[in-house]
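The lines below spell out each chain.
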Amino acid sequence: MVSNLTDTNIISVSGLTKKFKDFVAVDNISFTVKKGEIFAFLGPNGAGKSTTIQMLTTLLAPTKGKVMINGNDPTKNKDAVRKSFGIVFQDPSLDSDLTALENMQYHAVLYKVSKEIREKRIGELLRFVELWDRKNDMVKTFSGGMKRRLEVARGLLHHPAIMFLDEPTLGLDPQTRNHIWSYLQDISEKQKMTVFFTTHYMAEAEKVADRIAIIDHGKIVAMGSLAELEDKTKTNSLEEAFIAITGNTIREEQVNGTGRMRAMQRLWGRR
Amino acid sequence: MSTIYILWLRQVKKYFRTPSRIIGSLGQPLLFLLVFGFGFGSIYKQAGQGDYIQFLAPGIIMMSVLFTAVFSGIDLIWDRQFGFLKETMVAPVPRWQIMLGKTLGGATVASFQGVIVFILSLIVGFKVHDLFMLPVAALFVFLVALLFTSLGIAIASRLEDMQGFQLIMNFLVMPIFFLSGSLFPLQGLPKALEVVTRLDPLTYGIDGVRESLIGVGTFGIPIDLLLVVVITVVLLGIGSYLFERIQA
Ligand SMILES: Nc1ncnc2c1ncn2[C@@H]1O[C@H](COP(=O)(O)OP(=O)(O)O)[C@@H](O)[C@H]1O
Ligand SMILES: [Mg+2]
C-alpha cells in the first residue's frame, strides 16, 4: 500500500511540546504523515494522544514546536486548517435532541457544503454508515455504536483531506469496530484521504494502520510500519514489539477510571 | 449568513419540539398573575392606583422573557458538557457568527414566551389601551430578550459547569426581576431602592412595554428605548468578547 503513495507530507510536526503548568503532557515529538496514509498513534491512557490531536486541530496552542496541516499552521491560519480536516472527538459531540439528518445538515451549513449537493451527499453518507432508515430519529435514541457511525459520517461530509479520530472505537463491539474501519479504509483508498487516529487497542493499530507511532509519557518511543517495528525489535507481533519497546503492555485494567467511564457512557448513552 | 441561520434554527427547533417544557414554564407567570393580580388588587385600588392587573401584566410578561432569555443563553453550558460545542467551535466559521446565531435564537424563543404570557394576561382580564402601540411593545420585548440572552451567554462563557448556576439565579436574575418595577410602581420609593431600580436594565424594558400597552409609564418611551438599545449593544459586545475566549 505504502509504495503507491505520493511523497507529500500532509501533516508535519517537529519538536511539538505541550506543558500544563509544570507537567509535560507532550514532549518534543516529531513526525510526518503522507497524503492518503493511515497513521496510528498508539499509547496507554494519559500518554498525550488527545493533547496532540487538539494541537493539530486548532483547539489547543502548543507550548513549543511547529505544526503544518495541509500547508497551513494551525496557530495562524485556523480556518484554512479547519476546512481541511474532519474530526471524531474522543467524547461524543452530537446534539442528541436533533435527528441524525439535522446533525448532518448543521454540519453541512457550517462547512459551506453547497445546497445543490448537500442532500445527496448526506444521503450517501447516511446509507454508507447504515443509518439512512433512522435518519429522522432523535440521536438520543441511538446506541453508542450508531452515534459513533453518525459522527464518522458527519466528519466525512465536507470531503476533508484529513480525518482525525480520537479513540474512535473505544467501548464499541468488534462488529461495529470492523464496520467503522471498513468505511474509513474504503474512503481513504478511493479519495486519498489521510487518516490520523489514536488508540490503545494493539489489534486495531496492527490491522488498519500503514504506520504506527508508539507514544508513552508524552514521547514517541518508536515509529514505523508494523513490519519495521517487528523487525527492529525482532518480534512477531505488535504486542510483543510494544512490550520490547516500552517494557509494558496495555491491558484493559490499566485503562484508568475515566477511560472506563467513557466506554460505559458510549455503551449506555449519556443522559 | 447561513451559519447564523442554522444556529438560530437549532435553538428554535429545540424549543418548539418540547411543548411540555413550554407549558411547564407558563406555570410561574400564571401563578404570579393570579395570586399577585387578585391578591393585591384591592389594596392597589384602595390606594387610588386603579386596576393592578393592568399594572402587573407587563411586568409578568417581561419576567418570562427575562427567565427564558437567560436560560437559553446559559444552555451553552449544556452544549459544552455534552460535547456539541466542540463540533461548532472547530468549524471554519467566525465565532461572532456563532454567538449572534445563538443569541438571535434565544431571543426569538424568549420573545415567543412573552407573547404567550401576553395572551394569558388577556385571558385573565388585561386590556390593551391602543392596538397601534403593539409593535412598539413587541420591539421592547425583542430587545430585552436579546439583552438577557447575551447576558446568559456571557455568563455561560465563564462558567465551567452548572455549579454556579443557582448562585446566578439567586443573586442576579431574581434581583433583576424584583428590582425592576415589575411588581410595584417606581414612584415614591425609598431613596436607596429608587437608585437600585434605576440601575436595573429590566426597569426600562418594563417601563417601555408598560407605556406601550397601557399608556402610562415613568421615563417615556424614547428614554426607555435609548437605554435598552444601548445596554443591549453593550451586552452583545461583552457576550461576543467572552464567547471568543471560550476553550471548547
Ligand atoms: N487541560 C489539562 N490540564 C492539565 N493536564 C492535562 C490537561 N489535558 C490533559 N492533561 C494531562 O495530560 C496527560 C495527557 O492527556 P491526554 O492527551 O488526554 O492523554 P491520552 O489522550 O493519551 O489518554 C494526562 O496526564 C492528562 O491528565
Ligand atoms: Mg485521549
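Attention in this report is confined to the structure presented alongside it. Model, not experiment: these values are computed from the prediction.

What counts and how
- Along each chain, the written sequence defines residue order, and numbers are assigned to residues from 1.
- Just so you know, chain letters begin at A and ligand numbers begin at 1, following the order they were written in.
- With pLDDT at 70 or above as the cut-off, local features in this predicted model cover only qualifying residues; side-chain atom pairs require 80 or more to be listed or tallied, and sums for whole chains, interfaces and linings still use all residues.
- Working from all heavy atoms in the structure, the side-chain values ignore hydrogens and water.
- Secondary structure elements follow DSSP: runs of H or I no shorter than four residues count as helices, runs of E no shorter than two count as strands, and numbering proceeds from the N terminus.
- Radius of gyration: over C-alpha atoms. The globule rule applied is 2.2 Å multiplied by the number of residues raised to the 0.38 power.
- Working definition: with a 1.4 Å probe on protein chains only, accessible area under 20% of the residue-type maximum means buried, over 50% means exposed, and in between means partly exposed.
- The contact rule is simple, with two residues in contact once any of their heavy atoms fall within 4.5 Å.
- Each accessible area is a Shrake-Rupley estimate made with a 1.4 Å probe; only the visible protein chains count as cover when residues are assessed.
- Inter-axis angles, ranging from 0 to 180 degrees, are taken between N-to-C directions of lines fitted to C-alpha atoms, where helices are fitted over the stretch in contact.
- Here the word oblique covers every angle except those under 35 degrees (roughly parallel), over 145 (roughly antiparallel) and from 65 to 115 (roughly perpendicular).
- Rotating anticlockwise by less than a right angle from the far helix to the near helix defines a left-handed crossing, while the corresponding clockwise rotation defines a right-handed one.
- Two rings belonging to Phe, Tyr or Trp (six-membered ring only in the last case) form a pair when the distance between their centres is within 6.5 Å. Interplanar angles under 30 degrees mark stacking, angles over 60 mark edge-to-face geometry, and anything in between is tilted.
- The rule is short: NZ of Lys or CZ of Arg within 6 Å of the ring centre and within 35 degrees of the ring normal puts a charge over the ring.
- Residues are labelled near a given molecule or strand when at least one of their non-hydrogen atoms is within 4 Å of it.
- Within 3.5 Å is the distance limit for a polar contact, defined as a pair of N or O atoms, with the added protein rule that one can donate a hydrogen and the other accept it, and that residues adjacent in sequence qualify only through two side-chain atoms.
- For Na, K and Ca the donor cutoff is 3.2 Å, while for all other metals N, O and S atoms must lie within 2.8 Å; water is not among the atoms, so some sites may look incomplete.
- Think of it this way: DSSP has to see at least two bridges between two strands before they count as a pair.
- Summed over both partners, the accessible surface that disappears when two parts come together, traced with a 1.4 Å probe, is what is meant by buried area.
- Charged means Asp, Glu, Lys or Arg here, nonpolar means Ala, Val, Leu, Ile, Met, Phe, Trp, Tyr, Cys or Pro, and polar covers whatever is left, Gly included.
- For the purposes of this section, nonpolar cores are sets of buried Ala, Val, Leu, Ile, Met, Phe, Trp, Tyr and Cys residues that join through side-chain atoms within 4.5 Å.

Counting its regular elements, chain B contains 13 helices and zero strands. Element order for chain B, N to C, with α for helix and β for strand: α-α-α-α-α-α-α-α-α-α-α-α-α. Scaling as 2.2 N^0.38, a compact globule of 248 residues should have a C-alpha radius of gyration of about 18 Å, and chain B matches this with 18 Å. For chain B, the spread of C-alpha atoms along the three principal axes comes to 60 × 40 × 35 Å. Counting every position in chain B, which comprises 248 residues, the buried fraction comes to 54%. Long-range pairs, those at least 24 residues apart, make up 80% of the contacts in chain B between residues at least 6 apart in sequence. Accessible surface for chain B amounts to roughly 10800 Å². Of this, 72% is attributable to carbon and sulfur atoms.

The next subject is the packing of helix α8 (residues 226-233) of chain A against helix α9 (residues 238-246) of chain A. Residue and element names in this part refer to chain A. Between α8 and α9, whose axes approach to 9 Å, the crossing angle comes to 50 degrees. Comparing the axis directions of α8 and α9 gives the class oblique. Relative to α9, α8 is oriented so that their crossing is left-handed. Along the contact surface, α8 presents L226, L229, E230 and T233, while α9 presents L238, A241, A244 and I245.

For the structure on display, the rule yields 27 aromatic pairs over all chains. Residues F41 of chain A and F196 of chain A carry aromatic rings whose centres are separated by 5.1 Å and whose planes lie at 45 degrees to one another, so their mutual orientation is tilted. Here F41 of chain A is found in strand β3 (residues 38-42), whereas its partner F196 of chain A is found in strand β7 (residues 194-199), with 155 residues between them in sequence. Overall, F41 of chain A belongs to the buried group, its relative accessible area being 0%. Looking at F196 of chain A, the relative accessible area reads 0%, which means it is buried. An aromatic cluster is built from F32, F36, F40, Y44, Y52, F55, F67, F177 and F178 of chain B, whose rings are joined through pairwise contacts. Residue placement shows K135 of chain A over the ring face of W132 of chain A; its charged tip is 4.1 Å from the ring centre.

All names here are of chain A. Close to ligand 1 lie F20, F23, A25, P44, N45, G46, A47, G48, K49, S50 and T51. The backbone of G46 places a nitrogen or oxygen atom 2.7 Å from an oxygen atom of ligand 1. Within the contact set of ligand 1, an oxygen atom lies 3.0 Å away from a backbone nitrogen or oxygen of G48. Among the elements that line the shell around ligand 1, the one with the most residues is helix α1 (residues 49-56), at three residues.

Ligation of the magnesium ion (ligand 2) by protein atoms is provided by S50 of chain A (OG) and Q90 of chain A (OE1), these donors lying 2.0 to 2.1 Å from the ion. With S50 of chain A in helix α1 and Q90 of chain A in the loop between β5 (85-88) and α3 (100-110), the pair connects residues that are 40 residues apart, well separated along the chain.

A word on the sheet that holds strand β8 (residues 211-216) of chain A. All names here are of chain A. Pairing within the open sheet is mixed, and its six strands lie in the order β5-β6-β7-β3-β8-β9. Of all the strands in the sheet, just β5 and β9 (219-224) have a single pairing partner and so form its edges. In this sheet, adjacent strand axes meet at a mean angle of 15 degrees when their direction is disregarded. Alignment of β3 against β7, held across five bridges, turns out to be parallel. By the bridge assignment for β7, F41 is matched with T198.

Contacts between the two partners involve 20 residues from chain B, matched on the other side by 30 residues from chain A. Across the chain B/chain A interface, buried area totals approximately 2400 Å², and carbon plus sulfur atoms make up 60% of it. Scanning the region where chain B abuts chain A turns up eight residue pairs in polar contact (both at pLDDT 80 or more). Mapped onto the side of chain B that touches chain A, the elements with two or more residues apiece are α1 (2-16) and α7 (84-89) of chain B. For the side of chain B that touches chain A, the class distribution of residues is nine nonpolar, five polar and six charged.

All names here are of chain A. Mapped onto the secondary structure, R211 falls in strand β8. R211 gets classed as buried once you look at its relative accessible area, which sits at 16%. The spacing of R211 and A227 is 16 residues in sequence and 9.4 Å in space, taken between C-alpha atoms. Those residues in contact with R211, other than ones at most four positions away along the chain, are T32, V33, E37, I38, F39, A40, M223, G224 and S225. Reaching out from R211, the side chain makes a polar contact with the side chain of E37 at a distance of 2.6 Å.

Glancing now at the environment of G48 of chain A. Residue and element names in this part refer to chain A. Among the secondary structure elements, G48 is positioned in the loop between β3 and α1. Judged by relative accessible area, which is 8%, G48 ranks as buried. Not counting the four nearest positions on each side in its chain, G48 is found in contact with A25, V26 and I215.

Moving on, we come to the nonpolar core. Core analysis: the largest hydrophobic core is formed by 152 residues, its most contacted members being I11, F31, L56, F164 and F196 of chain A together with F148 of chain B. Element by element, the count of residues in this core is highest for helix α5 (residues 52-74) of chain B, at 15 residues. Not counting the four nearest positions on each side in its chain, F31 of chain A is found in contact with I11, S12, V13, F39, F41, L56, F196, I220 and M223 of chain A.

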